[in-house]
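Structural features, examined
Residues per chain, in single letters:
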Amino acid sequence: MESDLRRGGCQPCEGGMAGLSAEAVQAGLQDLPGWRLDGHTLRRDCHFKNFYETMAFVNAVAWIANREDHHPDMEIGYGRCVVRYSTHAIDGLTANDFICARQINALLA
Ligand SMILES: C[C@H](O)[C@H](O)[C@H]1CNC2=NC(N)=NC(=O)C2=N1
């Protein structure tokens, strides 16, 4: 499982796909700085100097979302963006959510 979270590239989201166990989610979070569990979503609160930087980030996240065909919910303010990932198809968390969260961390590194 851990290796699935490290490997890039999301799998297609389908109704029957397996959600991660609570243990797997906790294990994944150990290696995902900045993210926490918020209900059944992975959440990171990001802060920026100004609106321009916030929107540059939002656009980069949108680019990743379209490449991976895996889309977060985003809440945007002048200097902040809350990013939440879950897999809508199963209303839970899958490896896809961790794969995308890692890509967001790479953007912010
Ligand atoms: C048809 C398309 O691949 C699916 O609707 C994808 C699109 N992006 C998605 N994003 C997320 N977060 N969860 C999904 O289940 C999902 N499904």
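Per chain, residue numbering runs from 1 following the sequence as it is written. Per-residue local features of the predicted model are confined to residues with pLDDT of at least 70, and side-chain atom pairs are confined, for both listing and counting, to 80 or more; whole-chain, interface and lining totals are unaffected and use all residues. Each side-chain value is worked out from all heavy atoms of the structure, with water and hydrogens disregarded.

Applied cut-off: UniProt positions are given in the numbering used here, feature names are shortened, and annotations may be inferred rather than shown by experiment.
Identification of the chain as Putative pterin-4-alpha-carbinolamine dehydratase from Acidithiobacillus ferrooxidans is taken from an unreviewed UniProt entry. The annotation that UniProt attaches to the chain under Catalytic activity (unreviewed entry) is "(4aS,6R)-4a-hydroxy-L-erythro-5,6,7,8-tetrahydrobiopterin = (6R)-L-erythro-6,7-dihydrobiopterin + H2O". The chain has a UniProt comment under Sequence similarities (unreviewed entry) that states "Belongs to the pterin-4-alpha-carbinolamine dehydratase family."

1. Notes on the overall build of the chain
The line we're drawing: Helix and strand assignments come from DSSP, with helices taken as H or I runs of at least 4 residues and strands as E runs of at least 2, each series counted from the N terminus. The quantity called the radius of gyration is restricted to C-alpha atoms. Its globule counterpart is 2.2 Å times the number of residues to the power 0.38. Residue contacts are defined here by distance: any two heavy atoms, one from each residue, within 4.5 Å place the two residues in contact. Where accessible areas are quoted, they stem from the Shrake-Rupley method and a 1.4 Å probe; at the residue level, only the protein chains shown are allowed to cover. When charges are tallied, Lys and Arg are placed among the positive residues and Asp and Glu among the negative ones, while His and the ends of the chain are skipped. A charged residue contributes its charge at one atom only: NZ of Lys, CZ of Arg, CG of Asp or CD of Glu.
Looking only at helices and strands, one finds four helices and four strands in the chain. Across the chain, helices and strands are ordered from the amino to the carboxyl terminus as α-α-β-β-α-β-β-α. Computed over the C-alpha atoms, the radius of gyration of the chain is 13 Å, within 12% of the 13 Å expected from 2.2 N^0.38 for a compact globule of 109 residues. Within the chain, contacts between residues separated by at least 24 positions form 66% of all contacts whose residues are at least 6 apart in sequence. If you sum the accessible surface of the chain, you get close to 6100 Å²; carbon and sulfur atoms cover 52% of it. With 10 positive and 14 negative side-chain charges, the chain shows a spacing of 8 Å between the two charge centroids.

2. Brief notes about the pattern of salt bridges
Formally: Salt-bridge detection follows one rule: a side-chain nitrogen of Lys or Arg within 4 Å of a carboxyl oxygen of Asp or Glu. Three labels apply to residues, based on accessible area from a 1.4 Å probe with only protein chains included: buried if under 20% of the type maximum, exposed if over 50%, partly exposed otherwise in between.
Across all of its chains, the model carries nine salt bridges by this definition. Here Asp 31 ties to Arg 102 by a salt bridge, and the two come within 3.6 Å at their closest N and O atoms. Linking Asp 31 in the loop between α2 (22-30) and β1 (36-38) with Arg 102 in helix α4 (residues 95-108), this pair joins segments that are 71 residues apart in sequence. On the basis of relative accessibility, which here comes to 33%, the residue Asp 31 falls in the partly exposed class. A salt bridge links Arg 67 to Glu 68, with the nearest nitrogen and oxygen atoms 3.4 Å apart.

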